[in-house]
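The chain contents come next:
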Amino acid sequence: MVPPAATPDEGRMSLHHHRIHFAEHLDLSAARPGLHLIRASGRAVQLDLPAGWMSLWLPLRGPLRLESTDSTWELAPGHLQIWRDGCLRTSARLPCWWLCLSGPEQAWRPHVLNGPDEQNNDLFPWEGAAPRDVQRLMVRLARVVSQPAELAANGAALVRTLCSLLLEQQRELQARLPRCSGRTQRRRQQTLLRLLRVQHLIRRHPEIRLDLNRLARSANYSPCHLIRIYREVFDETPTEFAARLRSDRAWRMVRETRMPVCEITEALGFESQSAFCRAFKNSFGLTATQARRMERPQVRAA
């Protein structure tokens, strides 16, 4: 266990600093209140975060392995993960360098609720390529946190700016809140969190066809209710979302790799190579071989 190396509270900014290295383990279940900035490097480092915390994850070099209650996945370098759906464990089998900003949701609230429409501000779980400004802010915060004087002067402003950038990035997602069921804003936010949990399971298990009953259980809905409310919010059913993701992944694997079709078939969870070929032809109007032979201008035209 690595002892926490925390910076002192400066004014209203309570930001604690931790560094973990090769084969070290840090458990923040009994950590002090406030936000925690973790810098990790090396192989076999491990971090445990409790339920009720929100966290931002940014691997800068090497893939980062994340594990929740019902899912395990890898986060590629340069990608950002916003997580607030239960406890989380991370590990790095390969040499890796990553940053994490985490803390109880009440510790985030003063920084997230910072704008003319504070009542509606909320960060939702999200994963994708990290915008350059977000990467720069995370790296700068990691440098500032070990310098008490600069932390006192700029720490709170950096965290608020980071949250503002992330809220701006989630504007389209925030616009779906009125479609969610619930009489109050908080109820609608909880509905959206449940649906995003379903999305995460579908996105993180592209190689298998998820059972609708399992998806419904993860959101505490019946299968019929899940289908109805998911369609109302996202304009498609969970099954249609999964099929769209699989088609997109099939196109990228055909166009951007030299994997044999039989291996792509297995990676995407199709029953047979002929089933994959039929699905590819139905989705894109041409075979996988024809897609690979197309030149770049032809692909753009298609």
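Here we summarise the structure given alongside this text. This one's a predicted model, so the numbers in the text were calculated from it and none came from an experiment. Throughout, a residue's number is its position along its own chain's written sequence, starting from 1. Residue-level local features of this predicted model are given only where pLDDT is at least 70; pairs of side-chain atoms are given and counted only at 80 or more, and the full residue set underlies all totals for whole chains, interfaces and linings. Calculated side-chain values reflect all of the structure's heavy atoms, with hydrogen atoms and water omitted.

### Some points on the sheet that holds strand E4 (residues 46-49)
Between any two strands, at least two bridges found by DSSP are needed for them to pair. A run of H or I in DSSP becomes a helix once it reaches four residues, and a run of E becomes a strand once it reaches two; helices and strands are each numbered from the N terminus. One open sheet accounts for five strands, arranged E2-E4-E9-E6-E7; its pairing is mixed. Edge strands, defined here as strands with exactly one partner in the open sheet, are strand E2 (25-27) and strand E7 (72-75). Adjacent strand axes in the sheet meet at a mean angle of 15 degrees, parallel and antiparallel pairs treated alike. Here four bridges tie strand E6 (residues 64-67) to E7, and the two strands are oriented antiparallel to one another. Within E7, the position partnered with arginine 65 by the bridge is glutamate 74. Here an angle of 0 to 180 degrees is reported between the N-to-C directions of two axes, which are lines fitted to C-alpha atoms, with helices fitted over the stretch in contact.

### Quick look at the packing of helix H5 (residues 185-203) against helix H8 (residues 238-256)
Between H5 and H8, the shortest axis-to-axis distance is 10 Å and the interhelical angle comes to 35 degrees. Crossing of H5 over H8 shows right-handed handedness. When H5 is examined against H8, the residues Gln199, Ile202 and Arg203 are found in contact with a partner set consisting of Pro238, Phe241, Ala242 and Leu245. In a left-handed crossing the near helix is turned counterclockwise from the far helix by less than a right angle, and in a right-handed crossing that turn is clockwise. Any two residues having at least one pair of non-hydrogen atoms within 4.5 Å are treated as being in contact.

### Notes on helix H10 (residues 273-284)
Residues three or four positions apart in an α-helix share a direction because the helix packs 3.6 residues into each turn. The terminal C-alpha atoms of H10, which comprises twelve residues, lie 16 Å apart, in line with the 16 Å expected from a rise of 1.5 Å per residue. Only protein chains enter the accessibility calculation, which uses a 1.4 Å probe; a residue whose area is less than 20% of its type maximum is buried, one above 50% is exposed, and one in between is partly exposed. Within H10, burial applies to Ala275, Phe276 and Phe280. Mapping the buried residues of H10 onto a view down its axis gives an arc of 130 degrees, with all of them on the same face. Residues Arg278 and Asn282 are exposed on H10 and point more than 90 degrees away from its buried face. The elements touched by buried residues of H10 are H8, helix H9 (261-268) and helix H11 (288-293). Take the residue count of a helix, subtract one, and multiply by 1.5 Å to get its expected span. Taken from the helix axis, the directions to the C-beta atoms give the arc we talk about.

### Some thoughts on the pairing of E7
Where a strand is regular, its side chains alternate between the two sheet faces. Taking every second residue as pointing to the same face, the buried face of E7 carries Trp73 and Leu75, while none of Thr72 and Glu74 on the other face is buried. The loop that links E6 with its antiparallel partner E7 comprises four residues.

### Re the packing of aromatic side chains
The pairing test for Phe, Tyr and Trp rings, Trp by its six-membered ring, is centres within 6.5 Å, and the orientation test on the planes gives stacked under 30 degrees, edge-to-face over 60, and tilted for anything in between. For the structure on display, the rule yields nine aromatic pairs. Where tryptophan 251 meets phenylalanine 280, the ring centres are 6.1 Å apart and the plane angle is 10 degrees; that geometry is what we call stacked. In this pair, tryptophan 251 sits in helix H8 while phenylalanine 280 sits in helix H10, placing the two residues 29 residues apart along the sequence. A ring pair is formed by phenylalanine 276 and phenylalanine 280, whose centres lie 5.8 Å apart and whose planes are at 45 degrees; its orientation type is tilted. Within this pair, phenylalanine 276 and its partner phenylalanine 280 are both found in helix H10, separated by four residues, close to a single helical turn. A residue is classified by how much of its surface remains accessible, and phenylalanine 276, at 1% relative accessible area, is buried. Note on phenylalanine 280: relative accessible area 2%, which makes it buried. Taken together through their ring pairs, the aromatic side chains of Trp251, Phe270, Phe276, Phe280 and Phe284 make up a single cluster. Its guanidinium or amino end placed over the ring of phenylalanine 270, arginine 246 lies 3.9 Å from that ring's centre, counting from NZ or CZ. Note on criteria: charge over ring means Lys NZ or Arg CZ within 6 Å of the ring centre, with the direction from the centre no more than 35 degrees off the ring normal.

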